[in-house]
Amino acid sequence: MFSVAQIAEYLQGQIIGDAELEIVRLSPLVSADTGCVSFCAHTKSQQDLRCCNASVVLVQEIDKHLVKHTAIVVADPYLAFAKISQWFDWRAAIRPGMAENAVIAESATVSEQAQVCSFAVIGENVDIGAGCYIGANTVIGDDCSISANSRIEANVTLYANVHLGERCIVHSSAVLGADGFGFAKSASGWQKIYQLGGVRIGNDVEIGASTTVDRGALCDTVIGDGVKLDNQVQIAHNVRLGKHTAIAGCTAIAGSTHIGDNCTIAGLSGVTGHLQIAADTHITAMSLVSHSIKKAGIYSSGTAIEPHPSWKRNVVRFRSLDQMAKRLKNLENEMQQLAQKVKKDDGY
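About the cut-offs
- Residues numbered from 1 in each chain as written.
- Predicted model: local features only at pLDDT ≥ 70, side-chain atom pairs only at ≥ 80, totals over all residues.
- Heavy atoms only, no water.
- Pairing = 2+ DSSP bridges.
- Helix = DSSP H or I, 4+ residues; strand = E, 2+ residues; numbered from the N terminus.
- Core = buried A, V, L, I, M, F, W, Y, C linked by side-chain atoms within 4.5 Å.
- Buried < 20%, exposed > 50% of the residue type's maximum accessible area, 1.4 Å probe, protein only.
- Contact = heavy atoms within 4.5 Å.
- Salt bridge = Lys/Arg side-chain N within 4 Å of Asp/Glu carboxyl O.
- Phe/Tyr/Trp six-rings, centres within 6.5 Å; stacked < 30°, edge-to-face > 60°.
- Lys NZ or Arg CZ within 6 Å of the ring centre and 35° of its normal.
- Patch = residues over 30% accessible without salt bridge, like charges linked within 9 Å, V, L, I, M, F, W, Y side chains within 5 Å.
- Areas by Shrake-Rupley, 256 points an atom, 1.4 Å probe, with all protein chains shown as cover.
- Axes fitted to C-alpha atoms, helices over the stretch in contact; angles between N-to-C directions.
- Right-handed = clockwise from strand over helix to strand, strands pointing away.
- Arc of directions from axis to C-beta.
- Lys, Arg positive; Asp, Glu negative; His and termini not counted.
- Charge placed at Lys NZ, Arg CZ, Asp CG, Glu CD.

Another point: the sheet that holds strand β31 (residues 246-247). Taken in spatial order, the 11 strands of this open sheet run β8-β11-β14-β17-β20-β25-β28-β31-β34-β37-β39, and their pairing is parallel. Each having just a single partner strand, β8 (97-98) and β39 (297-299) make up the two edges of the open sheet. Both strand β37 (residues 281-283) and β39 contribute to a ladder of 3 bridges, which runs parallel. Its bridge partner being in β39, T281 is matched across the sheet by G297.

Laid out in structure tokens, this is it:
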């Protein structure tokens, strides 16, 4: 439970109304009632704001007159909401200690301020820092390290030689350090290329449920500070992700691609291998990136949704684009030749 005054002080916001009101939860504008704090981040939400019964609403200066009860005026209501959301997190505080049925190698170093849950397995030469949480049934392979205040949820697997920075979160069923997809063609089939690198993950990284980050073939796969990976993202071997890049669900990044700082890649996108993506590049949903991007900007591929009969006709036309382009080029050449002939006949 928090007071409006405490929230405003933390957010460095201006209170309009009752500073002593008690707040017990966050809520959307449309369902908020007494004891709730809500926020209005978009002009399209102004009608909901007028009717909102929250005890306090986080708003911009221009919207403060629309609040029925108490308001906290901030520069960015959505960012303010994000900052205070941690106060209401459902996760219990760390309870330092190791479950009796956890399996911990003698050579492992586990801080006394860390929590290791039931049936976790911690391998040889592992180093786990203070304030870490290792969830039930999680497996930490040999020679891994997890720095202070990182949280590994239940059923996560870290293969050998995976290193996480501070304050990371890895959600359930994520797999870090599995072999990259490396094979050489031979007369008798495929020869496996053994993956000899590791995975290095910076500070403040969040990795979603069922996301996979493959180990490098020779060098490490590297995830920079502040990177956010959604659920079911595939990061292939030797990929390098720059600081504060965010990648949405069901996106796949192929091997040895380097993506710069502060990029965003929307869901269901694919990035092919051995590319360079400039910092501050933004890829929209369901895009295929098949060549390097050297200039920051917003990029898209694919086609927008349309009625099925129209889509079928356009697919047929798409298959004919090459022939159409050649015919158009021939027509342009003929028109140029005709124009030159006319000029010659007219004496120009």
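So, about the nonpolar core. Counting residues in each nonpolar core, the largest one holds 47 residues, and the members touching the most others are I128, L158, L164, L176, I201, I235 and L241. Breaking this core down by element, the ones donating at least two residues are β19 (162-164) and β24 (199-201). The residues contacting L241, other than those within four sequence positions of it, are V222, I223, G224, V227, L229, I235, I247 and I259. With 13 residues, the next largest nonpolar core counts A32, V57, L66 and V67 among its residues.

As a further point, take the pattern of salt bridges. Taken as a whole and assessed by the stated rule, the structure comprises 10 salt bridges. For E166, the salt bridge is made with R167, and the minimal N-O distance between the two is 2.9 Å. With relative accessibility at 33%, the residue E166 sits in the partly exposed group. Here R167 falls in the partly exposed class, since its relative accessible area comes to 39%. D179 is the partner of K192 in a salt bridge, and the nearest nitrogen-oxygen pair spans 2.9 Å. Placement of the pair is K192 in strand β23 (residues 189-192) and D179 in the loop between β21 (175-178) and β22 (183-186), with a sequence separation of 13 residues.

All right, on to the packing of aromatic side chains then. The full count for this structure, using the stated rule, is 7 aromatic pairs. Aromatic pair F181 and F183: ring centres 5.2 Å apart, planes at 70°, arrangement edge-to-face. For F181, a relative accessible area of 71% corresponds to the exposed category. Chaining the aromatic ring pairs together yields one cluster made of F2, Y10, W87 and F88. Geometry around W190 places K185 over its ring, the cationic atom sitting 4.8 Å from the centre.

A surface patch of nonpolar side chains, about 200 Å² in accessible area, is lined by V103, V121 and V139. Along the chain, the position of V103 falls in strand β9 (residues 103-104).

Ordered in space as β2-β7-β6-β5-β4, the 5 strands form an open sheet in which the pairing is mixed. Each edge of the sheet is formed by a strand with only one pairing partner; in this case those strands are β2 (14-16) and β4 (25-26). Bridge analysis of strand β5 (residues 36-39) against strand β6 (residues 56-59) gives 3 bridges, and the strand direction is parallel. Bridge pairing in β6 links S38 to V57. Seen against the sheet, helix α1 (residues 4-11) touches β2, β6 and β7 (70-73) and runs at an angle of roughly 15° to β7. Helix α3 (residues 77-85) rests against β4, β5 and β6 of the sheet, and its axis sits at about 130° to β6.

Bringing the pairing of β6 into the picture now. The two faces of β6 match: V56 and L58 on one face and V57 and V59 on the other face are all buried. Crossover β5 to β6 through helix α2 (residues 46-51) is right-handed. The pairing of β6 with β7 spans 4 bridges and is classified as parallel. From the neighbouring strand, V59 faces β7, where its bridge partner is V73.

Turning to α3, its buried residues number three or more, namely P77, A80 and I84. Seen end-on, α3 carries its buried residues on one side only, within an arc spanning 60°.

Let's shift gears to a negative patch on the surface. The grouping of E106, E124, D142 and D143 at the surface amounts to a negative patch. Within the fold, E124 resides in the loop between β12 (121-122) and β13 (127-128).

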